[in-house]
Each structure stands twice: as structure tokens, then as C-alpha cells.
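Observations on the model geometry
Each chain, written out:
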Amino acid sequence: MKKILITLFVLSVLTSGIFASGQGDEDTQKTYNITAGIGLNDKSAQYESMQYFKELVEKNSEGRITVDLYHSSQLGDDREMMEALQRGEQEMTCPSTAPIVPFIPYYGVFDLPFLFPSNEAADKVLDGKIGQDLLDKLSTIGIKGLVYWENGYRNLTNSVRAVRSPEDVKGMKVRTMENPMHLDAWRAMGANPTPMAFGELFSAMQQGVVDGQENPWGTIYLQNFPEVQGFATDTGHVYSPFVLMMGQKFFDDLPADLQDVVMEAAKASRDKNRTLNRKYNKEYLEKLKDVMTVVELTPEERAAFQNTVRPVYDKYSEVIGQELIESVLSEINNN
Ligand code: KDG
């Protein structure tokens, strides 16, 4: 009996060894495909950064991962693509944080108007503990938050008049991202805001469904908005981060070495994205001055916009959590 038991034990150790090594071999043989979609077009810093991510991942995985890129909302808008990630029908996307808010309200902290005084202050918060905690929260909805890229400071454009004050915005139909705080901020400034997916925006402006919209300079130029908008103002009323994200299950199912390849490419493409985006936003502002009226606000004029949106902080402090708001503010002020 003892002999039989020992033989069985030895057999089971041997077979589990065989299975374990078989599994390992399978992992290194198996190939993976990432379908990644974004809302902006193929001239954007976002698309160029995606191409860089693809290049790094395909090279460093030695062909075990391939990446297919889709731009211009070909796979859907930000919310739809996040839902596709949750269902495992798409592997990656890169929305602004604003459309993440209906899934995880804490992300609303980034929608607080005039929160970040500089790009560097935003980097510090996003790449530090606060940013990481928020990325980790995405796992509760089946999404792996990889890193933050940059959409950037948003500025108002419109087809009606040169805007210098909240009075000039009165009654203006302004498209916003699908986010309640953006709606409230524009209502507080006197506008008549409408939420809309990015993919519908150009034709809405063309057909006069909306008078204006707000986005970073690079987007305004590269998406050809001056064809339908004659005026711009450097409101810089909110800094929009992007979140580079992946389906949690897809990420978890990757072998550990490929998870490292993905994470390293995500970080390298983040740095590239920020450099590129900042360069583009600067350069395209200059180009925009040739094709539309660009109003540059004085500090006093900007303060007038800032004052009108104060009530938004009070309204949302409970939803976002006073503690989170204070920790972001103290990180910003603690240089
Ligand atoms: O890929 C990102 C875009 O879909 C989106 O987030 C762009 O800022 C944007 C907007 O106004 O919807």
C-alpha cells in the first residue's frame, strides 16, 4: 500500500511538472492582438503617441503582441469604447477623464475648473499617489488604468462673437463632453451647454446645432474647427488628462513578461505624448491666429471667468469628496 502511495505521489509530482512546463511553453508561443481606438484623428498627438506605443510593444514583445489602431471614433465614442473594454470586445482606448466620471465619480476632481495652474502641477498629481489610486479604482469596473496621457488645457471657440467676458457667453449654445460638472460650469458662465460625443461635434457646429465648443488648441486646429468657428478665447478653464486603459481581463491574462512590455511602453509613450502635445498646443495656437480671431485674456478677464464658476466647487465637493479635493490642492501648492 505504502509503495502504491509513493508511486502515485511521484507520478503526480512528475505530471504536474510536465503540465507546468507545458503551460509555460504555451505562454511564450501564444500571440495576442490589441485593438485600440481613440476619438481624435490621425494627425493628433494622441494618435502619434498610440503609434509609438504600438511600435514599442510589437518590437519588445518580439511579435507576440500586435496592435491595431483606429482613430476618429471609428470604434465608437469614449463611453462606448470603455464599455467595449468591459465586455472584452476591444482591448484599449484613451478617453479624457471627463467621460470616466459616470463610471467612477472620483474622476470628477479633474473637472474642477481652473484647478491646475500648470502642466507640471498636473503631472505631479497624476503621476503621484493620487493619480495612481484613481487608476487603480478602474479595476472595480473591469478596466486596467495604465498611465495618464495629456489632452490639455481647453479653450472656447464659437461662431458668434469674440468672447472676453462671461457676459459675451450669455445664451451661447456650447457643446461640452458628457459630464455634469462641465455642464454646470458653462451654465454658471451664462452659456446654454449641450453634452455630445466628440464624433458628432463637427457636423453639429456646421449645422448650427451648437454655436461653440471647447478643446485644446491642437484639437481645434487639426480637426479643422476653424472651417466652422471664427472666434477663439484662451479660457484654459480646465486641464483634461487622458487615461490610457486596457480591459482588465485582457491585461491579467497576459503572461508576466508581456505585462511588463505593455507597462513599459505605456510609460514611455506617456512621456512622448506630453512632449508632443505641449509642442503641438503651442504651435497650433500660432497657426490658429492666422485663420480665426483669437482673444488672449488678461489676468483680470480670466479672473472674471474663474469667479463665475466658484459655486461648482461647492456643489461637487460632496460627490467627489472634500478629502480628495483637498489632497489634490495641497499637492499642487506643496512645491
Ligand atoms: O480620444 C479622445 C477623444 O475622444 C475625446 O476625449 C476628445 O476632448 C475630447 C472631447 O472634447 O470629447
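Look up: the structure comes first, before these words.
Criteria and thresholds
Residues numbered from 1 in each chain as written. Predicted model: local features only at pLDDT ≥ 70, side-chain atom pairs only at ≥ 80, totals over all residues. Heavy atoms only, no water. Helix = DSSP H or I, 4+ residues; strand = E, 2+ residues; numbered from the N terminus. Contact = heavy atoms within 4.5 Å. Buried < 20%, exposed > 50% of the residue type's maximum accessible area, 1.4 Å probe, protein only. Pairing = 2+ DSSP bridges. Axes fitted to C-alpha atoms, helices over the stretch in contact; angles between N-to-C directions. Near = heavy atom within 4 Å. Polar contact = N/O pair within 3.5 Å; in protein donor to acceptor, adjacent residues only side chain to side chain. Areas by Shrake-Rupley, 256 points an atom, 1.4 Å probe, with all protein chains shown as cover. 1 Å grid on protein atoms, 1.4 Å probe; cavity = no way out; pocket = protein on both sides within 12 Å on 5 of 7 lines; lining within 4 Å. Points joined across faces, edges and corners; volume = space filled by probe spheres on them. Nonpolar A, V, L, I, M, F, W, Y, C, P; charged D, E, K, R; others polar.

**Remarks on the environment of Ile100**
Relative to the helices and strands, Ile100 resides in the loop between strand 3 (92–93) and helix 4 (119–127). Considered as a pair, Ile100 and Val243 are 143 residues apart in the sequence and their alpha carbons are 9.1 Å apart. With residues up to four places along the chain from it excluded, the contact list for Ile100 reads Met82, Pro95, Tyr107, Leu138, Val243 and Met245.

**Comments concerning the environment of Lys249**
Of note, Lys249 is situated in helix 10 (residues 248–253). A relative accessible area of 59% means that Lys249 is categorised as exposed. Considering only alpha carbons, one finds Lys249 and Ala121, 128 residues apart in sequence, at a separation of 32 Å.

**Side note on the sheet that holds strand 7 (residues 192–195)**
Note: strands within a sheet are paired through backbone hydrogen bonds, in either parallel or antiparallel orientation. Taking strand neighbours across the sheet as the criterion, the 6 strands line up as 7-6-8-5-9-11 in an open arrangement whose pairing is mixed. Every interior strand has two partners, whereas the edge strands, strand 7 and strand 11 (293–295), have only one. Each adjacent strand pair in this sheet contributes to an overall mean axis angle of 25°, direction not counted. Here strand 5 (residues 155–158) runs beside strand 9 (residues 231–233); their pairing, made up of 3 bridges, is antiparallel. Bridge pairing in strand 9 places Leu156 opposite Thr233.

**Some points on the sheet that holds strand 4 (residues 143–153)**
In space, the 5 strands of this open sheet follow the order 2-1-3-10-4, with mixed pairing throughout. The two strands at the open ends of the sheet, each matched to only one other strand, are strand 2 (65–70) and strand 4. The pairing of strand 4 with strand 10 (residues 239–247) spans 9 bridges and is antiparallel. Along strand 10, the bridge assignment pairs Lys144 with Met246. Each of strand 4 and strand 10 is contacted by helix 5 (residues 129–137), which is oriented at about 125° to strand 4, the strand it contacts most.

**Here's the deal with the site of the ligand**
The immediate surroundings of the ligand are formed by 14 residues, with Gly39, Asp78, Ser96, Arg154 and Arg175 found nearest. Take Ser96: an N or O atom from its side chain is 2.6 Å from an oxygen atom of the ligand. Here an oxygen atom of the ligand and a side-chain polar atom of Asn151 are 2.8 Å apart. The protein chains hide 98% of the 330 Å² of surface that the ligand would expose on its own.

**Digging into helix 4**
What helix 4 keeps buried is the set Asn119, Ala121, Ala122, Asp123, Val125 and Leu126. Tucked into the core, helix 4 has its buried residues touching helix 5, strand 4, strand 10, helix 11 (256–291) and helix 14 (322–333).

**What to know about empty space enclosed by the protein**
As enumerated under the stated definition, the model contains 3 cavities of 30 Å³ or more in all. The space that makes up the largest cavity amounts to roughly 240 Å³. In this structure, the largest cavity is lined by 21 residues; those nearest its centre are Asp78, Ser96, Arg175, Met177 and Phe198. Grouping the constituent residues of the lining of the largest cavity by class yields 8 nonpolar, 7 polar and 6 charged. Considered as a void within the structure, the second largest cavity measures approximately 100 Å³ in volume. The wall of the second largest cavity is formed by 16 residues, among which Leu40, Ser44, Ala45, Thr219 and Asn277 lie closest to the centre.

**Examining the environment of Glu58**
Topologically, Glu58 is positioned in helix 2 (residues 45–60). Taking the C-alpha atoms as reference points, Glu58 and Val262, 204 residues apart in sequence, are found 9.6 Å from one another. Setting aside chain neighbours within four positions, we find Glu58 in contact with Gly63, Ile65, Thr66 and Val67. Here the side chain of Glu58 touches Val67 through a polar contact of 2.8 Å, landing on its backbone nitrogen.

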